[in-house]
Amino acid sequence: MSKYTSTYLFKVLFACLYLVLCPSAYATWYQGTAQQQIVGITYDLNAIRTSTIKQAITNATLKSGAYISLESIVLDGLLQSSKSVYKNKGDIRRVEILSETINDDILTVRVKVDINTSMFCSKDDYTKSIMLAQFPLLNTLQAVNGDLFDLGNQISSRLAEQLSKYDTVSDVQLLDKSFDSIKNLRRFDQQSAIERAYFLATKYRSQFIAFGFIQDISLFEQVEDNLLIDDITLRRNFTFQLFLYDALQGEILIDSRYHGEANWVFNEHEKIDTNNSMFWRSDYGRVVLNTLNSAVIDIDDSLNCQTTLSQIVNNQQDRVTINLGKKNGVKIADEFEVISRQLIHDNQNNAIPMLIRNKNITLHVKYVNSNSAVLMSNDPIINSNLLFDLVSPKGTSLDE
C-alpha cells in the first residue's frame, strides 16, 4: 500500500468521522456498500471516492424500496466530514459514512441513509406550535478562542429559522432566555423539567417546548504521522444536547445529543464575527449548520406523529375559544373533543399528567381567524370547568 493511501486512510479514520450520536427513533436508516478499483498512475482519488459514495447511497435506497439513481445524487461537500444532509423529493434526508477502506487498490465505502418515514404514523390535519428556548454554553471558557460567546444565541436563532421552513410547524416562538439556569441544566431533573415546560406552555400558548445547551466547543490538535515531519491540524468540536417536550401531555419526545467536528481555520487569537457569512461558510460553520439541521429533521419527524392539542383560553356558556386558528389549518365546521388534564401523584409524590377525553361533548368550529377559533357545542350549555382544559381533533388518539 502506498504512502498516499496510508495517509488517506488515517485521515478517514481520525479526521473525517462525525456522527449524530443519538438518532431519533422516527428515523429509518438503511445501510449500503459500494466498491471501486483504483487504477492508473495519476488517478483522481476524490473523484473515485465521490462516485463510490454515490453508488453506496443508491444501493442503500434499493433496500428501502425508494431507488434513487446515481445521476440524481448531489453531494454537498460535507461528506469530507462524513456527514451530509441531502434531500430528494422527501425520500432521503441524511447520509452518514460509516467506513472507508482501501485494500489491494480497491476502495470500499459503507454508508447509512435516513429515509423519510413520516408516512408510517397517524397524523392529523393541523400544524404545530413550538417554543424554542436559548441554548447556553455550559463552559464559557471554551468560547475564548474565537470570541464565540454569542454562539448560543446564534444556535437558537438558526434552529428557529430552520424549523420555520418545515410544513409541520406553524409557529416558532424564540424565547430570549434559556429554559433553566446552567446549574439546573447541568443537574437535569426530569420531573422539574416537565413541570416547568407545562408552565411555559400555558404562558406562551405553545404545545411543544424545545430546549437544551451547548456542551462542547473545545479545540483539539489532530496529529498525522509522516516520515519526517508530523502534520498537525487544529480542529474544533460542536456538541449540543436537545430536549423536545410535549408540554401539555407531559411527555419527553426527544432526549438526544448531537456532535460534529471540523477543521478550525482561523488564527488562534482572531475574534470571529458569527454574524458574518465567512464564518458560516467555513468548514466549522458548515458542520455546525448541518448538525443543527439533523436535529431539526428529528424534531420534524417527531412533531409529524403527535396529536395536536389546543388550550381553551376562554369559556362562555355556549362557546369556547382555543389557541389554534387558520395558520394551523383550522376550518369552519371542524370537530374537536374535550380533554381534561388531571395530575396523578405517584409514590414519590411526583405529579404525573393524565389526559382524559370526554367523547360525549363534540365541539364544532363556528368562527376562525389566524390565531384562534371559536367552538360551539350541540348542547346549549357547556360546563364552566373547561376553562383550563384542552381540545383535540375528533377521532384522533392520544396514544399515537
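Look up: the structure comes first, before these words.
Residues numbered from 1 in each chain as written. Predicted model: local features only at pLDDT ≥ 70, side-chain atom pairs only at ≥ 80, totals over all residues. Heavy atoms only, no water.

(A) Seen up close, the side chain of Ser392. Inspection of the secondary structure assignment puts Ser392 in strand β16 (residues 390-393). The exposure class assigned to Ser392 is buried, which follows from its relative accessible area of 0%. Those residues within four positions of Ser392 in sequence are excluded, and the remaining contacts are Thr307, Thr308, Leu309, Glu335, Phe336, Glu337, Ile339 and Arg357. (Helix = DSSP H or I, 4+ residues; strand = E, 2+ residues; numbered from the N terminus. Buried < 20%, exposed > 50% of the residue type's maximum accessible area, 1.4 Å probe, protein only. Contact = heavy atoms within 4.5 Å.)

(B) Spatial organisation of the pairing of strand β12 (residues 319-322). In terms of strand pairing, strand β11 (residues 310-315) meets β12 through three bridges, oriented antiparallel. Looking across to β12, one finds that Asn315 is bridged to Val320. As consecutive antiparallel partners, β11 and β12 are separated by three residues. Sheet topology places β12 next to strand β15 (residues 373-377); four bridges connect them, and they run antiparallel. Paired with Arg319 across the strands is Met376, a residue of β15. (Pairing = 2+ DSSP bridges.)

(C) Main features of the packing of aromatic side chains. For the structure on display, the rule yields 13 aromatic pairs. Judged by centre distance (4.8 Å) and plane angle (75°), the rings of Phe279 and Trp280 are edge-to-face. The exposure class of Phe279 is buried, given its relative accessible area of 1%. One aromatic cluster is present, formed by Trp264, Phe266, Phe279, Trp280 and Tyr284 through successive ring pairs. Between Arg196 and the ring centre of Phe179, over which it is positioned, the NZ or CZ distance is 5.8 Å. The ring of Trp264 is capped by Arg236, whose NZ or CZ atom sits 4.5 Å from the centre of that ring. (Phe/Tyr/Trp six-rings, centres within 6.5 Å; stacked < 30°, edge-to-face > 60°. Lys NZ or Arg CZ within 6 Å of the ring centre and 35° of its normal.)

(D) Representation of the sheet that holds β15 within the structure. In space, the six strands of this closed barrel follow the order β11-β12-β15-β14-β13-β16, with antiparallel pairing throughout. With direction set aside, neighbouring strand axes in the sheet form an average angle of 50°. Note that strand β13 (residues 335-345) and β16 share four bridges and pair antiparallel. Within the sheet, the bridge partner assigned to Ile339 lies in β16 and is Leu390. (Axes fitted to C-alpha atoms, helices over the stretch in contact; angles between N-to-C directions.)

(E) Representation of the nonpolar core. Within the largest apolar cluster, 39 residues are counted, with the highest numbers of intra-cluster contacts made by Ile155, Phe238, Phe240 and Leu244. Only β5 (128-134), α3 (151-163), β7 (208-216), β9 (231-246), β10 (251-263), α6 (277-281) and α7 (283-304) provide two or more residues apiece to this core. Per-element accounting of this core gives the leading share, nine residues, to α7. Setting aside anything within four residues of it in sequence, one finds Leu244 in contact with Ile130, Phe208, Ile209, Ala210, Glu251, Ile252, Leu253, Ile254, Ile299, Ser302 and Leu303. The next biggest cluster of nonpolar side chains, apart from the first, holds 22 residues, and it includes Leu200, Ile209, Ile339 and Leu355. (Core = buried A, V, L, I, M, F, W, Y, C linked by side-chain atoms within 4.5 Å.)

(F) How the structure looks around unusual backbone geometry. Positive phi outside glycine occurs at Asp147, with the angle close to 55°. Relative to the elements of secondary structure, Asp147 occurs in the loop between β5 and α3. Asp147 sits in the partly exposed class, given a relative accessible area of 29%. Its identity as a non-glycine residue notwithstanding, Arg205 has a phi of 55°, on the positive side. Relative to the helices and strands, Arg205 resides in the loop between α5 (190-204) and β7. Owing to a relative accessible area of 46%, Arg205 belongs among the partly exposed residues under this scheme.

(G) How the structure looks around the environment of Lys331. Secondary-structure assignment places Lys331 in the loop between β12 and β13. Placed 35 residues apart in sequence, Lys331 and Lys366 show a C-alpha to C-alpha distance of 8.8 Å.

(H) Geometry of a nonpolar patch on the surface. Taken together, the side chains of Ile344, Ile352, Met354 and Ile356 present a nonpolar region at the surface, about 320 Å² in accessible area. A per-element tally of the nonpolar patch places strand β14 (residues 351-368) first, with three residues. Positionally, Ile344 belongs in strand β13. (Patch = residues over 30% accessible without salt bridge, like charges linked within 9 Å, V, L, I, M, F, W, Y side chains within 5 Å. Areas by Shrake-Rupley, 256 points an atom, 1.4 Å probe, with all protein chains shown as cover. Salt bridge = Lys/Arg side-chain N within 4 Å of Asp/Glu carboxyl O.)

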